[in-house]
Amino acid sequence: MKIVVMCGIGLGTSAILKVNTERALERLDIDASVLATDVAGVRAAAADAQVILTSSELVDAIGKTNADVIVINNYFDVDELVVKLDIALGS
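Residue numbers run consecutively from 1 along every chain, following the written order of its sequence. Only residues with pLDDT of at least 70 are given local features in this predicted model, and only at 80 or more are side-chain atom pairs given and counted; all residues enter the totals for whole chains, interfaces and linings. Excluded from the side-chain calculation are hydrogens and water; included are all heavy atoms of the structure.

The name given to the protein chain in an unreviewed UniProt entry is PTS ascorbate transporter subunit IIB, and the organism recorded there is Cryobacterium lyxosi.

Here's the deal with the packing of helix 1 (residues 12-28) against helix 4 (residues 78-89)
For any two helices packed against each other, one specifies the crossing angle of their axes together with the interaxial distance. Packing of helix 1 against helix 4 leaves a shortest axis separation of 9 Å and a crossing angle of 60°. Looking at the two axes, helix 1 sits oblique to helix 4. Where helix 1 crosses over helix 4, the handedness of that crossing is right-handed. Contact residues: Leu17, Asn20, Thr21, Arg23, Ala24, Leu25, Arg27 and Leu28 in helix 1; Val78, Asp79, Leu81, Val82, Leu85, Asp86 and Leu89 in helix 4. Charged residues are taken to be Asp, Glu, Lys and Arg, nonpolar residues to be Ala, Val, Leu, Ile, Met, Phe, Trp, Tyr, Cys and Pro, and polar residues to be all remaining types, Gly included. Tallied by class, residues from the contact of helix 1 with helix 4 come to nine nonpolar, two polar and four charged. Orientation is described by lines fitted to C-alpha atoms, with helices fitted over the stretch in contact, and by angles between N-to-C directions that extend from 0 to 180 degrees. Per the convention used, a helix needs a DSSP run of H or I reaching at least four residues, while a strand needs a run of E reaching at least two, with both numbered from the N terminus. Should an angle lie under 35 degrees it is considered roughly parallel, over 145 roughly antiparallel, and from 65 to 115 roughly perpendicular; all remaining angles are considered oblique. Whether a crossing is left-handed or right-handed is set by the direction in which the near helix is turned from the far one by less than a right angle, anticlockwise for left-handed and clockwise for right-handed. The contact criterion used is simple: two residues touch if any of their non-hydrogen atoms lie within 4.5 Å.

Describing the nonpolar core
Most often, soluble globular proteins have nonpolar side chains that are buried together. Within the largest apolar cluster, 17 residues are counted, with the highest numbers of intra-cluster contacts made by Ile3, Leu17, Leu53, Ile72 and Leu85. Residue assignment for this core shows that the elements contributing at least two residues are strand 1 (2-7), helix 1, strand 3 (51-54) and helix 4. To form a nonpolar core, buried Ala, Val, Leu, Ile, Met, Phe, Trp, Tyr and Cys residues must be joined to one another through side-chain atoms within 4.5 Å. Three exposure classes are used, based on accessible area relative to the maximum for each residue type with a 1.4 Å probe and protein chains only: buried under 20%, partly exposed in between, and exposed over 50%. Within the second largest apolar cluster, 10 residues are counted, among which are Met6, Ala49, Leu58 and Ile62.

This is the structure in structure tokens:
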């Protein structure tokens, strides 16, 4: 399973979201690769992704995708990630 986390420029914010997504997946006992990307690279990165995590401001930049797009309100809130990934992945 592949999960893509996306931020505007691909610097610190995506790294924070990547680490916290990995923590959430550990809590859910789900094995997945998590890839951080920016707006420019999201289409290529998400071509085979099951889930894309991003902020509400960046959803439109994703374009057409077969992945579930999940809006994250607080990149630091691992509990929010756990709840939203659990719903999306149906674990």
